[in-house]
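A look at the structure
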Amino acid sequence: MKCATSLVPTAEAAVADIRAQIGPVDGKWVIFFASSAYDPQAVSAAMKRAFPTALTCGCTTAGEIALGHMTKHSLVAMVVGDDLLDAVAIEVVTGISTRIDLSEAFAAFEKRFGEPAAKWPHDRYVGLVLIDGLSKAEERINDAIGNITDVSFIGGSAGDDLAFQATHVFADGQSYGDAAVLVLLKTRHGFGTIKTQSFKPTKRVLVATRVDEAAREVLEFDGRPAAQVYAEAVGAVDGDIAPFFQNHPVGLMLGNEPYVRSPQQRKGDAIAFYCNIAAGMELTILEGTSIIDDTRADIAKAKTDLGGIAGMINFNCILRTLELEQRGLTEDYGALFADIPTVGFSTYGESLIGHVNQTATILAFKNA
Amino acid sequence: MNGKAKQLIDAIIAQRSGGNPTLMITTRTKIMLKGVNPERFLASTPDDPVIIDKLRRIGQELGVQIY
């Protein structure tokens, strides 16, 4: 496994820089994350030309992570070979904003791997899912995947450096919008997944009583205007709730584990979220803790549980990145990944079983 | 009547996971993300037809037979 970062500003030259840093290794699979500053089709095509014998995939970002640093306007890549992977397959699903049909993709995986999805060993097989970050399709894609298989699919939503204009996913030299890339990996030594978020639950629980799921808006909590109830819950005495969003998102709680739903903006009496919320869901108001301390602890636990990590892919929420930037902690966060080959990016949403916000979902390849 | 929702939740988890502890947790999470928090339902919870319908739909989506 090898990783590389390029800050060269044009696609062809950045890919050439990546290829030179990787050296004479072709690998079985190349995953790369590219700033939206690069032409998406040019970077995807150039990566395929640079690694012609490997399967290639990736997406655009809102910031990148590799070699122990968080970067902007860069291209990062990881090359994975036979030492960690027995097999890999990639499928693209298009038109996801209107209709989710994964049947062809999973039929192709079953054919490639020679086993029905229901029989894939969930300790050896792991999936990745990269989704157009403006499609609002993440919940439906993760739900559809979870209906088909119990193999973990981990991933993130493509970004565009906070422009919110167009995001792209990449597969095999092509660039796609309104699409998701699904990757199925048969690992040689196994893997672990890390889901880390830096929040603790408060005692305040809100019930979403009226919602617009398609718009990801909560109209009412506890039978009253959502913005008013949230303001009371977080102590926003003047009703100005936006400053409370970063440190007080809400969470679906399963035991002590929050599945974070982050408020995006107030819309009159309603609140728009980065995740959809169904009517009847009970949501706990969360309180922020330390991203650095929590992530460090969760990586350390994974290292112990797995007996060593050969490499990681980090899908880190852009809201976490923005908080790290505000606090001057981006170098500290990057340093958490300095001793293990890691690539990742700042996402518009994270996936692991479902769609979550203000979370990092991390795939960790187990050491031999 | 009480406890039907818990009975359905337990049946979905048992069938989908086949008793595998990791898959039991995964299935609980899937049910929660589909809109029913398994931790909120006990043997003493009064039956709610809306929740029971929702759980039957969830069972169908997850490919398990529940009654």
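Residues numbered from 1 in each chain as written. Chains lettered and ligands numbered in written order. Predicted model: local features only at pLDDT ≥ 70, side-chain atom pairs only at ≥ 80, totals over all residues. Heavy atoms only, no water.

Digging into the interface of chain A and chain B
The condition that has to hold: Any two residues whose heavy atoms approach within 4.5 Å are treated as being in contact. Buried area, as used here, totals the accessible surface that two parts lose on assembly, with accessibility defined by a 1.4 Å probe and the loss added over both. We define a salt bridge as a side-chain nitrogen of Lys or Arg found within 4 Å of a carboxyl oxygen belonging to Asp or Glu. Side-chain atoms alone can form a polar contact between residues adjacent in sequence; in general such a contact is a pair of N or O atoms within 3.5 Å, and within protein one must be able to donate a hydrogen while the other accepts it. Helix and strand definitions here come from DSSP, where helices need a minimum of 4 consecutive H or I residues and strands a minimum of 2 consecutive E residues; each element is numbered from the N-terminal end.
The interface of chain A with chain B comprises 18 residues on the first partner and 19 residues on the second. Roughly 1600 Å² of surface becomes buried between chain A and chain B when both sides are summed, with 53% attributable to carbon and sulfur atoms. The tally of links from chain A across to chain B stands at four salt bridges. Across the pair A:D150 and B:R16 runs a salt bridge, and its minimum N-O distance is 3.1 Å. The interface formed by chain A and chain B contains twelve residue pairs in polar contact (both at pLDDT 80 or more). Counting only elements with at least two residues in the side of chain A that touches chain B, the list comes to α4 (138-148), β17 (250-254) and β18 (257-261) of chain A. The biggest single contributor to the side of chain A that touches chain B is α4(A), with four residues.

Some remarks on the nonpolar core
Residues and elements named next belong to chain A. The cut-off we apply is this: Nonpolar cores were defined as sets of buried Ala, Val, Leu, Ile, Met, Phe, Trp, Tyr and Cys residues, with membership established by side-chain atoms within 4.5 Å. The rule is simple: take the accessible area with a 1.4 Å probe, protein chains only, and divide by the maximum for that residue type; under 20% is buried, over 50% is exposed, in between is partly exposed.
With 34 residues, the main nonpolar core has W29, F33, L128, L185 and I313 as its most contacted residues. The dominant element in this core, judged by the number of residues it contributes, is strand β12 (residues 179-187), at four residues. For F33, the residues in contact, after removing those within four places along its chain, are C59, T61, E64, S74, L75, V76, L130, I313, F315, V343, G344 and F345. In terms of nonpolar packing, the next biggest core, distinct from the first, is built from 27 residues, A226, Y259, F273 and A278 among them.

A closer look at the sheet that holds strand β3 (residues 55-61) of chain A
Residues and elements named next belong to chain A. So the rule is basically this: For two strands to pair, DSSP has to find at least two bridges joining them. Axis definition: a line fitted to C-alpha atoms, over the contacting stretch in the case of helices. Angles run 0 to 180 degrees between N-to-C directions.
Spatially, β1-β6-β2-β3-β10-β11 is the arrangement adopted by the six strands of the open sheet, whose pairing is mixed. Because the sheet does not close on itself, it has two edges, and the strands there are β1 (2-6) and β11 (174-176). Neighbour-to-neighbour, the strand axes of the sheet open up by a mean angle of 15°, direction not taken into account.

A word on the environment of A:S103
Looking at where A:S103 falls in the secondary structure, it is placed in helix α3 (residues 103-113). When the C-alpha positions of A:S103 and A:I145 are compared, they lie 9.8 Å apart, and in sequence the two are 42 residues distant.

A look at helix α3 (residues 49-61) of chain B
Residue and element names in this part refer to chain B. The following threshold applies: To estimate how far a helix should extend, the number of its residues minus one is multiplied by 1.5 Å. Taking the helix axis as origin, the arc is that swept by the directions to the C-beta atoms.
Its 13 residues give α3 an end-to-end C-alpha distance of 18 Å, which sits within 8% of 18 Å, the value for a rise of 1.5 Å per residue. Turning to α3, its buried residues are I51, I52, K54, L55, I58 and G59. On an axial view of α3, the arc spanned by its buried residues comes to 160°, and they lie on one face. Seen from the buried face of α3, the exposed residues on the opposite side, beyond 90 degrees, are P49, V50, D53 and Q60. Along its buried surface, α3 packs onto α1 (4-17) and α2 (21-33). Looking at where α3 begins, the residue whose side-chain oxygen comes 2.8 Å from the main-chain nitrogen of V50 is D48. Downstream of α3 by a residue or two, G63 has a phi angle that is positive, lying close to 75°.

Quick notes on the pairing of strand β22 (residues 309-317) of chain A
Each regular strand shows side chains that alternate between the opposite faces of the sheet. All names here are of chain A. Extensive coverage of β22 is indicated by the burial of nine of its nine residues. Sheet analysis places β22 next to strand β26 (residues 360-366), joined by seven bridges and oriented antiparallel. Bridge pairing links N314 to I362 in β26. Inspection of the sheet shows β22 paired to strand β23 (residues 342-347) by six bridges, in the parallel sense. Of the residues in β23, the one forming a bridge with C317 is T347.

Concerning the sheet that holds strand β4 (residues 64-66) of chain A
Strands pair in a sheet through their backbones, by hydrogen bonds, and they do so in one of two ways: parallel or antiparallel. All names here are of chain A. Strand order in the open sheet formed by six strands is β5-β4-β23-β22-β26-β13, and the pairing between neighbours is mixed. Looking at which strands have only one partner, the edges of the open sheet turn out to be β5 (69-71) and β13 (191-196). Each strand of the sheet is rotated relative to its neighbour by a mean of 15°, with strand direction disregarded. Across the sheet, helix α6 (residues 291-306) is in contact with β13, β22 and β26; its angle to β13 comes to roughly 160°.

With respect to the pattern of salt bridges
One pass over the full model with this rule turns up 25 salt bridges over all chains. A salt bridge links A:D101 to A:R99, with the shortest nitrogen-to-oxygen separation between them at 3.2 Å. We note a salt bridge from A:D150 to B:K30, for which the minimum N-O separation is 2.8 Å. Of this pair, A:D150 sits in the loop between α4 and β9 (153-157) while B:K30 sits in helix α2, placing the two residues on different chains. A relative accessible area of 17% places A:D150 in the buried class. Each of the salt bridges in this network shares a partner with another, and the network as a whole consists of A:D143, B:K34, B:R57 and B:E61.

Thoughts on the domain arrangement of chain A
Residues and elements named next belong to chain A. This is how it is decided: Domain boundaries shown here were taken from an automatic or database domain assignment.
By the assigned domains, chain A splits into domain 1 (2-195 + 293-366) and domain 2 (199-288). Taking only C-alpha atoms, the centre of domain 1 and the centre of domain 2 are 29 Å apart. In this complex, domain 1 contributes 15 residues to the contact, which on the side of domain 2 involves 16 residues. Of the roughly 1300 Å² buried where domain 1 meets domain 2, counting both sides, 37% is carbon and sulfur surface. When the buried surface of domain 1 facing domain 2 is broken down by residue, K195, N357 and Q358 rank first, second and third, together holding 41% of it. Connecting domain 1 to domain 2 are three salt bridges. A salt bridge links E139 to R216; the nearest nitrogen and oxygen atoms lie 2.9 Å apart. In this assembly, domain 1 and domain 2 are joined by 13 residue pairs in polar contact (both at pLDDT 80 or more). Elements represented by at least two residues in the side of domain 1 that touches domain 2 include exactly α4, α7 (318-326) and β25 (354-356).

Regarding the side chain of A:T295
Residue and element names in this part refer to chain A. Structurally, the position occupied by T295 is in helix α6. Of note is the side chain of T295, whose polar atom sits 3.1 Å from the side chain of R320. Once residues within four sequence positions are removed from consideration, T295 is found in contact with T196, R320, Y333, L336 and F337.

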